[in-house]
Amino acid sequence: MQLIQENPDLSAYLAADEAIDHHHPRVREVCARLAADAQDSYDYARAAFEYVRDRVAHSQDAGDPRVTWRASDVLEQDTGICYAKSHALAALLRAEDIPTALCYQHLGVVHGLVAVRFNGAWHRQDPRGNKPGVDARFSLDGEQLAFTPVPAAGESDHPVLYAAPHPAVLRALRDATDRAHLWRTLPTAL
């Protein structure tokens, strides 16, 4: 699949916004811890991915009713669904000047992931969190995502790389009173 930058200006994929608040002290604290042990930007990106995938619980899997959407809140509360975890990973990567896009799959509902830019190309990564049947890994040598869309079931990859969260995703997160409410209002299309 050909990934398409929504914004041709690569600096847009380094920017902070309301959801990807990479200047927040909590984001900077986690960033500094991860960077201290990293040999280079690739090693840092892998460590940030594993931190969000493994340390931040997917709230549905954990039965956590809280809804987070701002990267700093995700890292502070250590919980979030795929969208929120993607915001946290994007913030950690952008804080270290690694261009990071938000991207999506349609799996009956919209599923969120990120794409990182290394060696002149975009590479999609899925920090959703592993569980039985889900084994996502950081890779620049072929995708190892949590899910592979099944076209016969109407599922698909969305090729657009967004610099900011899609408005439908952000609206669903912000409007949700709890995870159960969010589950009933997840976007089904972009």
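Source: prediction; values computed, not measured.

Rules and cut-offs
Residues numbered from 1 in each chain as written. Predicted model: local features only at pLDDT ≥ 70, side-chain atom pairs only at ≥ 80, totals over all residues. Heavy atoms only, no water. Phe/Tyr/Trp six-rings, centres within 6.5 Å; stacked < 30°, edge-to-face > 60°. Lys NZ or Arg CZ within 6 Å of the ring centre and 35° of its normal. Salt bridge = Lys/Arg side-chain N within 4 Å of Asp/Glu carboxyl O. Helix = DSSP H or I, 4+ residues; strand = E, 2+ residues; numbered from the N terminus. Buried < 20%, exposed > 50% of the residue type's maximum accessible area, 1.4 Å probe, protein only. Pairing = 2+ DSSP bridges. Core = buried A, V, L, I, M, F, W, Y, C linked by side-chain atoms within 4.5 Å. Contact = heavy atoms within 4.5 Å.

K.L.:
Before we go on, may I ask you to explain the packing of aromatic side chains in this structure?
P.N.:
Aromatic ring pairs: the centre-centre distance and the angle between the two ring planes describe each pair. Taken as a whole and judged by the stated rule, the model has six aromatic pairs. Members of the aromatic cluster, each reached through a chain of ring pairs, are Tyr-42, Phe-49, Phe-118 and Phe-138. Just above the ring of Trp-69 sits the side chain of Arg-174; from NZ or CZ to the centre is 4.8 Å.

K.L.:
Would you mind showing me how to read the pattern of salt bridges here?
P.N.:
For side chains bearing opposite charge, pairing can occur when the charged atoms are close. Considering all chains together, one arrives at 15 salt bridges under this definition. As a salt-bridge pair, Asp-157 and Arg-124 come within 3.0 Å of each other at their nearest N and O atoms. In this pair, Asp-157 is assigned in strand E7 (residues 156–162) and Arg-124 in strand E6 (residues 121–125), connecting sequence segments 33 residues apart. Look at the salt bridges and you will find they share partners, linking Glu-18, Arg-70, Asp-73 and Arg-174 into a network.

K.L.:
Could you clarify how one ought to interpret the pairing of strand E4 (residues 100–106) in this entry?
P.N.:
Sheet faces and side chains relate simply in a regular strand, where the side chains alternate between the two faces. Counting buried positions along E4 gives six out of seven residues, so the element sits mostly inside the fold. Strand direction decides the pairing type here: E4 and strand E5 (residues 110–118), joined by seven bridges, are antiparallel. Considered in E5, the bridge of Thr-100 is made with Val-116. The loop that links E4 with its antiparallel partner E5 comprises three residues; one of these, Gly-108, has a positive phi angle of about 90 degrees. Sheet analysis places E4 next to E7, joined by four bridges and oriented antiparallel. What sits directly across from His-106, in E7, is Ser-156.

K.L.:
I keep staring at the nonpolar core and nothing clicks. Help me out?
P.N.:
Taken as a class, soluble globular proteins show a tendency for nonpolar side chains to be buried jointly. The biggest cluster of nonpolar side chains holds 50 residues, and the ones touching the most others in it are Leu-34, Tyr-44, Leu-75, Tyr-83, Leu-92 and Leu-93. Going through the elements one at a time, helix H1 (25–36), helix H2 (41–55), helix H4 (71–77), helix H5 (82–94), E4, E5, E7 and helix H6 (167–175) are the ones with two or more residues in this core. Per-element accounting of this core gives the leading share, nine residues, to H5. Discounting chain neighbours no more than four positions away, the residues touching Leu-34 are Tyr-44, Ala-47, Ala-48, Tyr-51 and Leu-92. Core analysis: the next-biggest nonpolar cluster, separate from the first, contains 11 residues, Leu-3, Ala-12, Leu-113 and Leu-145 among them.

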